[in-house]
Amino acid sequence: MLRPGSVTMFDEYVNEVFMPFIYSQLASVSRVDVVWDRYDAASIKFLARTKRGGPICEQVSASAPIPHNWHDFKRSDANKTALFSFLAEKMCMQAADTVQ
């Protein structure tokens, strides 16, 4: 997962980190497949993470600030699910704008 660097809001993360990376990959190929990771609820890793506990779930929206501790934020399955959903939505919106 790309680190946020100096950006402070999720919308900035999309526009200044995530999408520029996707576009840079498209410069040399005709297709980019974005794959999100997740642990199946029946997996050993999921169970271990659940027992260990995790960080508090954060809100992921365009105007929400990016948490200071990115690593801890990504340890929460709920946070990652919300982030991946947000990124996928923004990516589709930008693709639709590009086609029009």
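Residues numbered from 1 in each chain as written. Predicted model: local features only at pLDDT ≥ 70, side-chain atom pairs only at ≥ 80, totals over all residues. Heavy atoms only, no water.

A. Looking closely at the overall build of the protein. Along the protein, the regular secondary structure elements total four helices and zero strands. Reading the helices (α) and strands (β) of the protein from amino to carboxyl end gives α-α-α-α. Scored against the burial criterion, the 100 residues of the protein give a buried share of 26%. Of the contacts made within the protein by residues no fewer than 6 positions apart, 59% connect residues no fewer than 24 positions apart. Just so you have it, the protein exposes about 6,900 Å², and 56% of that area is on carbon and sulfur atoms. (Helix = DSSP H or I, 4+ residues; strand = E, 2+ residues; numbered from the N terminus. Buried < 20%, exposed > 50% of the residue type's maximum accessible area, 1.4 Å probe, protein only. Contact = heavy atoms within 4.5 Å. Areas by Shrake-Rupley, 256 points an atom, 1.4 Å probe, with all protein chains shown as cover.)

B. Structural detail: the nonpolar core. Formed by 18 residues in total, the largest nonpolar core has its most connected members in Phe10, Tyr13, Phe18, Trp70, Leu83 and Leu87. Contributing elements (two or more residues each) for this core: α1 (10-26), α3 (70-75) and α4 (77-99). The element contributing the most residues to this core is α1, with seven residues. What tyrosine 13 contacts, discounting residues up to four positions off in sequence, is Met1, Leu2, Arg3, Pro4, Val7, Phe18, Ile66, Trp70 and Leu87. (Core = buried A, V, L, I, M, F, W, Y, C linked by side-chain atoms within 4.5 Å.)

C. The arrangement of the side chain of lysine 90 in detail. Relative to the elements of secondary structure, lysine 90 occurs in helix α4. With sequence-adjacent residues up to four places away left out, lysine 90 is seen in contact with Asp11, Val14 and Ala62.

D. Representation of the layout of surface pockets within the structure. A volume near 210 Å³ is recorded for the largest pocket. Taken together, 17 residues make up the lining of the largest pocket; nearest its centre are Met1, Leu2, Val35, Trp36 and Phe84. Of all elements in the fold, only α1 and α4 reach the threshold of two or more residues within the lining of the largest pocket. With five residues, α1 is the largest single contributor of residues to the lining of the largest pocket. Its residues assigned to classes, the lining of the largest pocket shows twelve nonpolar, one polar and four charged. (1 Å grid on protein atoms, 1.4 Å probe; cavity = no way out; pocket = protein on both sides within 12 Å on 5 of 7 lines; lining within 4 Å. Points joined across faces, edges and corners; volume = space filled by probe spheres on them. Nonpolar A, V, L, I, M, F, W, Y, C, P; charged D, E, K, R; others polar.)

E. Broad picture of the packing of aromatic side chains. A full pass over the atoms with the stated rule returns six aromatic pairs. On the basis of an interplanar angle of 45 degrees and a centroid distance of 5.8 Å, the ring pair of phenylalanine 10 and phenylalanine 73 is categorised as tilted. Here phenylalanine 10 is found in helix α1, whereas its partner phenylalanine 73 is found in helix α3, with 63 residues between them in sequence. Ring plane angle 25 degrees and centroid distance 6.2 Å describe the contact between phenylalanine 18 and tryptophan 36, whose orientation is recorded as stacked. Of this pair, phenylalanine 18 sits in helix α1 while tryptophan 36 sits in the loop between α1 and α2 (44-52), and the two are 18 residues apart along the sequence. (Phe/Tyr/Trp six-rings, centres within 6.5 Å; stacked < 30°, edge-to-face > 60°.)

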